[in-house]
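Single-letter residue listing:
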Amino acid sequence: MKTEKVLEAKVTTVNGTAETISGADGILRCLIEEGVDTVFGYPGGTIMPVYDKLLDYDDKIKHYLTRHEQGAAHAAQAYAMVTGKTGVCFATSGPGSTNLITGIANAFLDSVPMVFITAQVVSGLIGTDAFQETDILGISMPVTKWNAQVKKSEDIPETIAKAFYIASTGRPGPVLIDITKDAQIEKLDFRYRKCNYIRSYNPHIPLHTRAIESAAIMINHAEKPLILAGHGVLISKAQDELRQFAEKTGIPVALTLLGLSAFPTTHRLYAGLLGMHGNFGANMLTNEADLIIAVGMRFDDRVTGNIKKYAKNARIIHIEIDEAEINKNVIVDLEINNDAKEVLEQLIPLVEKRSYEKWIREFRIADKTEYDKVVREETKPQSGMLKMGEVVRLVSEMTNGEAIIVTDVGQNQMSVARYYKFSEPNSFVTSGGMGTMGFGLPATIGAKIGRPDKQVVGFVGDGGLQMTIQELGTILHYGIPVKIILLNNNFLGMVRQWQEMFYNKRYASTELVNPDFVAVAKAYGIQGKKVTVRNDLKGAIGELLASEGPYLLEIGIDNGANVLPMVEPGASVSDVTLTYKK
């Protein structure tokens, strides 16, 4: 993307003249102009000028020192997801910036608006392999929406303005700005104007009204239509329009993993979760639908299964803001390359009020089959070791589906997605496209900082927790009252499940020897308890939720349990494994 001059700038003045400040000062002034009041990060040598100036702005910008840059990136992403704001993260050069890469890639694949500001060695040393010099632009280019390097202090305001505009418009995503240390020290006459136009970047596409009219005709003539809604619904704030559209047309709604909370899971038109461990009806009946209306989702492989066998009976309407995602994985019959909210607003008056009771009954029959074969034993077992599903069900009931739920990645993630009943939008925070183990703990921190008014519960596994366990130090430092539920099966559970099902039960490097997690939590000043007996479970969850400060509840889980149903690798979505004979 070419750099274009941002139009007329506002001048910050002192006694009627332009104010001359340092580049580091200018960085923080820019953030304040963009409405930023929360930053996550970790200091170091080359970004020290910025951290020095932070002390002068502690009444305007709250900085959270995490214990690792990856933790800062995940916390900032969760903060952005629950607040709708652009997340901001600082890191120094070299290992500081490279430690952000997993978090940047995570935000990129999940379309979360973020601005990463990294420091670089002084401009005269670039290219000399100086101490802690790394080509972070080259490294981050594949996983950022845009990146840029600033070598002169005078370029800081314009670059930061562009970064926020690019990160938050169109299909949002992470942007990285690399600023040399000398640019932070040099003086500039501070002028700032928010960016609202870049010649080579057109995030707002005029509505394709004819395509929308054609979509309405297709919808009005369908016999077995199905809405597939994804994260784009939440990004565009179209959850109300989605509900109105579904209720007027009577069309069932299935959600992707990141689409969870875009539509109430207790609604009569909720068809279930899509994906490898999604609901039986939502997956299987995709291949029975005669029309699919895909809204703000990208047909990734976890949703489609074997692409050659996917939705062969259906015509497909794809409503998607990113043109690159249309016809990429699935060839569609009608493309609408626009914002989901704008399209649904136009569609609602054009569609007819319909009822598809016979079609919806097929989903209810499938739900009953899944309940009898999977859900009953998972959520209401009468004996044996504790199961993830029953823990999630209890938390859902005891929070009335109103908490913000954060997960790590693996069996804990899939169990939460299946069994928590989400009632409010933007209440589910997880790592989707990247599937990053270690996401859960720092993301729980970021979500609570973003929404201190909400109960925030993080579900983690023993494997993922230990990838970022140092962030317990961040909880200690700031007294963040997060609630952490550790579902401990002493295995890398999802990998173990695949080894059992597809690798002849050859459990290579998946069994874990774990520490005393409750003792570790207490060492960080965090109250904790371990539960292994079913009769103690409800009381322990109640204690967790009622606690005023941070709390870690470790729950011993059946280490041989598998997450079912499952669309096995290479299988069609209609070939769902409901039971597995061990």
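This section reports on the structure supplied with the text. Because the structure is a prediction, the values reported are computed rather than measured.

With that settled, consider the environment of E397. Inspection of the secondary structure puts E397 in helix 16 (residues 388-398). What makes E397 partly exposed here is its relative accessible area of 46%. Residues E397 and Y420, spaced 23 residues apart in sequence, show a C-alpha to C-alpha distance of 8.4 Å.

Moving on, we get to the packing of aromatic side chains. Under the defined criterion, the tally for this structure stands at 12 aromatic pairs. Here F190 and Y192 contribute two aromatic rings whose centre-to-centre distance is 6.4 Å and whose plane-to-plane angle is 5°, an arrangement assigned as stacked. Neither residue differs from the other here; F190 and Y192 are each classed as buried. When the centroid spacing of 5.0 Å and the interplanar angle of 55° are considered together, the rings of F422 and F428 count as tilted. Grouping residues by exposure puts F422 and F428 together as buried.

Right, let's get into the side chain of T180. One can find T180 in strand 10 (residues 174-180). Overall, the relative accessible area of 0% leaves T180 in the buried class. When sequence neighbours within four positions are dropped, the list of residues in contact with T180 reads Q120, V121, V122, S123, I126, V150 and K151.

Right, let's get into the sheet that holds strand 8 (residues 114-120). Two modes of strand pairing occur in sheets, parallel and antiparallel, and in both the strands are linked by backbone hydrogen bonds. Here six strands make up an open sheet; going across it, the order is 6-5-7-8-10-9 and the pairing parallel. Unpaired on one side and paired on the other, strand 6 (62-65) and strand 9 (146-150) mark the two borders of the sheet. Averaged over all pairs of adjacent strands, the angle between strand axes in this sheet comes to 20°, irrespective of strand direction. On the sheet, helix 3 (residues 69-83) packs against strand 5 (38-41), strand 7 (87-91) and strand 8 and is oriented at approximately 170° with respect to strand 7. Of the strands in this sheet, strand 8 and strand 10 touch helix 5 (residues 101-109), which is tilted by about 145° from strand 10.

A word on the packing of helix 16 against helix 17 (residues 411-419). As a packed pair, helix 16 and helix 17 sit with axes 9 Å apart at the nearest point and diverge in direction by 50°. It follows from the interaxial angle that helix 16 and helix 17 lie oblique. The way helix 16 lies across helix 17 gives a crossing that is right-handed. When helix 16 is examined against helix 17, the residues M388, G389, V392, R393 and S396 are found in contact with a partner set consisting of Q411, N412, S415, V416 and Y419. A per-class count over the contact of helix 16 with helix 17 returns four nonpolar, five polar and one charged.

The omega torsion of the bond from L564 to P565 falls at 0°, within 30 degrees of zero and hence cis. Here P565 shows up in the segment after strand 24 (551-556). Even without being glycine, Q132 reaches a positive phi, approximately 60°. Note on placement: Q132 falls in the loop between strand 8 and helix 6 (136-140). The phi angle at N327 is positive, at roughly 65°, despite the residue not being glycine.

In terms of burial, helix 21 (residues 493-502) is a largely internal element, seven of the 10 residues being buried. Buried residues along helix 21 sit in contact with helix 17. Taken from the residues just after helix 21, N504 is the one with a positive phi, measuring 55°.

Moving on to the pattern of salt bridges. Two side chains of opposite charge can pair, provided their charged atoms sit close to one another. Taken as a whole and judged by the stated rule, the model has 24 salt bridges. A salt bridge links R171 to D322; the shortest N-O distance between them is 2.8 Å. Of this pair, R171 sits in the loop between helix 7 (156-168) and strand 10 while D322 sits in the loop between strand 17 (315-319) and strand 18 (334-336), and the two are 151 residues apart along the sequence. R171 is the salt-bridge partner of E325, the closest N and O atoms lying 2.8 Å from each other. With E325 in the loop between strand 17 and strand 18 and R171 in the loop between helix 7 and strand 10, this pair connects stretches of sequence that are 154 residues apart.

Here we take up the state of the cysteines. For the coordinates displayed, the defined rule picks out zero disulfides. C30 forms no disulfide, and the closest cysteine sulfur to it belongs to C195, at a distance of 12 Å. Between C89, a free cysteine, and C30, which holds the nearest cysteine sulfur, the sulfur-to-sulfur gap is 18 Å.

This part covers the pairing of strand 16 (residues 291-295). Counting buried positions along strand 16 yields five of five residues, so the element is predominantly enclosed. Relative to strand 16, strand 13 (residues 225-229) runs parallel, the two sharing five bridges. Pairing of A229 across the sheet is with V295, part of strand 16. Where strand 16 meets strand 17, five bridges bridge the pair, whose relative direction is parallel. Paired with I292 across the bridge in strand 17 is I316.

Quick notes on the rules
Residues numbered from 1 in each chain as written. Predicted model: local features only at pLDDT ≥ 70, side-chain atom pairs only at ≥ 80, totals over all residues. Heavy atoms only, no water. Helix = DSSP H or I, 4+ residues; strand = E, 2+ residues; numbered from the N terminus. Buried < 20%, exposed > 50% of the residue type's maximum accessible area, 1.4 Å probe, protein only. Phe/Tyr/Trp six-rings, centres within 6.5 Å; stacked < 30°, edge-to-face > 60°. Contact = heavy atoms within 4.5 Å. Pairing = 2+ DSSP bridges. Axes fitted to C-alpha atoms, helices over the stretch in contact; angles between N-to-C directions. Parallel < 35°, antiparallel > 145°, perpendicular 65-115°, else oblique. Left-handed = near helix turned anticlockwise from the far one by under 90°. Nonpolar A, V, L, I, M, F, W, Y, C, P; charged D, E, K, R; others polar. Salt bridge = Lys/Arg side-chain N within 4 Å of Asp/Glu carboxyl O. Disulfide = S-S within 2.5 Å.

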